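# Chains, contacts and geometry: an overview
Chain residues, written in single-letter form:
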Amino acid sequence: MSEFDYDLFVIGGGSGGVRAARVAAGEAGAKVALAEEDRYGGTCVIRGCVPKKLMVFASGYAGMAEEATHYGWDLKNDGFDWTTFSGHLQNELNRLEGVYRKLLAGSGVTTYDARARLKDPHSVELSTGETFTAKHILVATGGRPVRPDMPNAHLGIVSDDIFNLETLPKSILIIGGGYIACEFACILSGLGVEVTQYYRGAQILRGFDEEARGLIAESMRELGVDLHTGTNIVEMECHREGEDENGLDAPVEAMQYAMPAKDGPQDGPLKVKSTNGHVKVFDKVLFATGRRPNTDDMGLEEVGVTLARGGAIEVDEYSQTKVPSIYAIGDVTDRVNLTPVAIREGMAFVETVFLGKPTPVDHELIPSAVFTQPELGTVGMTEEEARDKEPVDIYCTSFRPMQSAFADKPGRVLMKLIVSQESGKVLGCHIVAPQAGEMIQMAGIAIKMGATKEDFDRTVAVHPTMAEEIVTMRKPVRTA
Ligand code: NDP
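The number of helices and strands found in the chain is 13 helices and 22 strands. Taken over C-alpha atoms, the radius of gyration comes to 24 Å for the chain, in line with the 23 Å a tight globule of 480 residues would show. Counting only C-alpha atoms and orienting by the principal axes, one finds that the chain spans roughly 70 × 65 × 45 Å. Relative to its full complement of 480 residues, the chain shows a buried share of 49%. Roughly 22700 Å² of accessible area belongs to the chain as shown, and the carbon and sulfur atoms make up 51% of that amount. Within the chain, one finds 48 positive and 69 negative side-chain charges whose respective centroids are separated by 2 Å.

On to the pairing of strand β4 (residues 116–120). As a general feature of sheets, a regular strand has side chains that alternate between the two faces. Looking at chain direction, β4 and strand β5 (residues 123–126) are connected through 4 bridges and run antiparallel. Looking at β5, one finds that L118 is bridged to V124. Once β4 ends, the chain turns through 2 residues before running back antiparallel as β5.

A few words on the sheet that holds strand β11 (residues 233–238). Strand order in this open sheet of 3 strands is β11-β12-β13, and the pairing throughout is antiparallel. Strands with a single pairing partner mark the edges of an open sheet, and in this sheet they are β11 and β13 (279–282). Strand-to-strand twist in this sheet, taken as the mean axis angle between neighbours without regard to direction, amounts to 25 degrees. Sheet analysis places β11 next to strand β12 (residues 270–274), joined by 5 bridges and oriented antiparallel. Within β12, the residue paired with E235 across the bridge is K273.

Omega for the peptide link from Q373 to P374 comes to 0 degrees, which places this bond in the cis form. Looking at where P374 falls in the secondary structure, it is placed in the loop between β17 (368–370) and β18 (375–380). With an omega of -5 degrees, the peptide bond between H463 and P464 qualifies as cis. Although it is not a glycine, D334 sits at a positive phi angle of roughly 50 degrees. As for its position among the elements, D334 is in the loop between β16 (326–328) and α9 (339–354).

As a further point, take the pairing of strand β14 (residues 284–287). Neither face of β14 is exposed, since K284 and L286 on one face and V285 and F287 on the opposite face are all buried. Pairing between strand β8 (residues 171–175) and β14: 4 bridges, direction parallel. Following the sheet pairing, I175 is matched in β14 by F287.

Next up on the list: α9. The end-to-end C-alpha distance of α9, which contains 16 residues, comes to 22 Å, matching closely the 22 Å that a straight helix rising 1.5 Å per residue would cover. Turning to α9, its buried residues are T339, V341, A342, I343, E345, G346, A348, F349, V350, T352 and V353. Taken together, the buried residues of α9 touch β1 (6–11), α1 (15–26), α2 (42–47), α3 (49–70), β6 (131–139) and β16. In the stretch just after α9, G356 is the one whose phi turns positive, near 65 degrees.

Turning our attention to the side chain of S325. Mapped onto the secondary structure, S325 falls in the loop between α8 (300–303) and β16. Judged by its relative accessible area of 8%, S325 falls in the buried class. If we ignore the near neighbours within four places in the chain, the residues touching S325 are P121, H122, K135, H136 and I137.

Let us look at the pattern of salt bridges. Using the criterion set out here, one finds 28 salt bridges in the structure. Note that K416 and E211 form a salt bridge whose closest N and O atoms lie 2.5 Å from each other. Here K416, found in strand β20 (residues 413–420), pairs with E211, found in helix α7 (residues 210–223); they are 205 residues apart in sequence, far enough to count as distant. In this structure, E383 engages R478 in a salt bridge whose closest nitrogen and oxygen atoms are separated by 2.7 Å. Of the two residues, E383 is situated in helix α10 (residues 383–389) and R478 in strand β22 (residues 478–479); the sequence distance between them amounts to 95 residues. Among the charged side chains, a network of salt bridges with common partners joins D209, E211, E383, K416 and R478.

The immediate surroundings of the ligand are formed by 21 residues, with G177, Y199, R206, N337 and A369 found nearest. For the ligand, an oxygen atom lies 2.9 Å from a polar atom in the backbone of I180. Between the ligand and A369 there is a distance of 2.8 Å, counted from a nitrogen atom to a backbone nitrogen or oxygen. Sorting elements by how many residues they give to the shell around the ligand places helix α6 (residues 179–190) first, with 3 residues. Here the shell around the ligand is composed, by residue class, of 9 nonpolar, 7 polar and 5 charged.

Per the stated rule, a full pass over the model turns up 13 aromatic pairs. An aromatic cluster is defined as three or more aromatic residues linked by ring pairs; in this entry it consists of Y6, F9, Y112 and F132. Note that K31 overlies the ring of Y6, its terminal NZ or CZ placed 5.3 Å from the centroid. The ring centre of Y395 lies 4.3 Å from the NZ or CZ of K453, which sits over that ring.

On to the environment of T167, then. With respect to the helices and strands, the residue T167 is situated in the loop between α5 (159–162) and β8. With a relative accessible area of 57%, T167 lands in the exposed category.

Here we take up the nonpolar core. With 49 residues, the main nonpolar core has M55, I174, F184, L188 and I204 as its most contacted residues. With 7 residues, α6 is the single largest residue contributor to this core. Those residues in contact with F184 that lie beyond four places of it in its chain are K52, M55, S159, I162, F163, I174, S189 and L286. In this structure, A24, L34, Y40 and L104 belong to the second largest nonpolar core, which totals 25 residues.

All right, on to the sheet that holds strand β21 (residues 426–433) then. The 6 strands lie next to each other as β17-β18-β21-β20-β19-β22, forming an open sheet whose pairing is antiparallel. Each of the sheet's edge strands pairs with one partner strand only, and the pair in question is β17 and β22. Bridge analysis of β18 against β21 gives 6 bridges, and the strand direction is antiparallel. Its bridge partner being in β21, E375 is matched across the sheet by A433. Against the sheet, α7 touches β18, β19 (392–399), β20, β21 and β22, its axis set at about 175 degrees to β20.

Calculation rules
- Residues numbered from 1 in each chain as written.
- Predicted model: local features only at pLDDT ≥ 70, side-chain atom pairs only at ≥ 80, totals over all residues.
- Heavy atoms only, no water.
- Helix = DSSP H or I, 4+ residues; strand = E, 2+ residues; numbered from the N terminus.
- Rg over C-alpha atoms; globule rule 2.2 N^0.38 Å.
- Buried < 20%, exposed > 50% of the residue type's maximum accessible area, 1.4 Å probe, protein only.
- Areas by Shrake-Rupley, 256 points an atom, 1.4 Å probe, with all protein chains shown as cover.
- Lys, Arg positive; Asp, Glu negative; His and termini not counted.
- Charge placed at Lys NZ, Arg CZ, Asp CG, Glu CD.
- Pairing = 2+ DSSP bridges.
- Axes fitted to C-alpha atoms, helices over the stretch in contact; angles between N-to-C directions.
- Expected span 1.5 Å × (residues − 1).
- Contact = heavy atoms within 4.5 Å.
- Salt bridge = Lys/Arg side-chain N within 4 Å of Asp/Glu carboxyl O.
- Near = heavy atom within 4 Å.
- Polar contact = N/O pair within 3.5 Å; in protein donor to acceptor, adjacent residues only side chain to side chain.
- Nonpolar A, V, L, I, M, F, W, Y, C, P; charged D, E, K, R; others polar.
- Phe/Tyr/Trp six-rings, centres within 6.5 Å; stacked < 30°, edge-to-face > 60°.
- Lys NZ or Arg CZ within 6 Å of the ring centre and 35° of its normal.
- Core = buried A, V, L, I, M, F, W, Y, C linked by side-chain atoms within 4.5 Å.

The following block contains the structure:
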């Protein structure tokens, strides 16, 4: 008999926690419990990747219907009905949450629908009042969106709220230029919302390849997003009905503000003053200004777990914290905040702790996609990163793809390879195109295997496709 109630207690039922719990119980035969205070599936399934991708699909039909007329179709488009979509969306999320619960039960994991807090290095206290001991504790509590520190920030919504809107706003202001801001700008614009986006920096999608960023910004503007860079929100207030209908763009001093609502996002329109000196009224303001690890009031520091600035749990390459019995994976550690990475970290934790195979987490060459319109798929170094490290050749092409060119649409795609002059290895691949997320998964395999430009050249093109350009770029456009 073990001296502990469980071999493993997992806190958090998102992608990483559920995978680790299932594999530890199912494959390693460990006695496992998991506590989740909210819905099973976590950010990815309930309020992130999955509902977002379904909204990406929903928004894509607007352009498709228009394009179809050029191909001879007489399609009737009576517009988008949010109520219908959102009903189907909620049903799907309920179904998926059920699947997650079933997977845990099927693997023999005991679940507690409760908030858990660390009591000591081997015990957790639940909001139900129960306390359990465990040989190992895994913290997989994820993160949450944060609003900027400004008065009335509570009047705006965050990405979690989008999926529960009762109606679609007519207009929205999105603050931020990261993944979430750009994805929702495209989605909501596609669904017929008038989208304005303010980003404080010079170009959206900081950290991605500059040429790719430029093309995404151009495409978003073509899509109808009113994107302002070098611009931020300064103040916001509730907008009084009937007030200054012609006050849009009026000088700030001329505006009269209504009393702000006391708590929660605002149902009525909001009046926003921005750094460019203008005041505008929007039905909603969405803050997509970053996320923060969920480490508040969990007893972490009290038991000796150290937190970095910003609240992330500090871990080593095996996801072990400063307290040997406590591990942490996923967004709560703020390493690479992507679902498949959290899952990898969960698997590596189980291998290390329960399967006797110490496995450090490999965070190199992670392919990822930003689901803008068109999508951005990326793996490896950007041109800017690579040229700081070694001399590189840049292969790049940008063109109008066949499908949309036929329909006389302006959008361009971009395919780009960053190649080491010394080794010939492809150090980075960046694709801006419809379905770039699908394409980069394949390119990611080759690049992870260490493919050279010559390997790409030896591969026969699949014709006629957009992706064939990735193996037909003969000459570098420049060296850097
Ligand atoms: P990001 O960190 O990517 O972007 C935050 C944005 O908000 C940045 O543009 C930042 O500007 C801006 N910002 C931050 N603070 C302020 C402020 N006070 N005022 C104005 N602007 C501000 O966060 P996201 O929330 O978009 O996404 C979080 C993470 O979630 C991503 O990094 C990614 O790991 C993951 N994710 C992945 C997706 C995918 O794989 N497709 C989709 C969605 C999320 P600046 O650049 O100047 O710092």
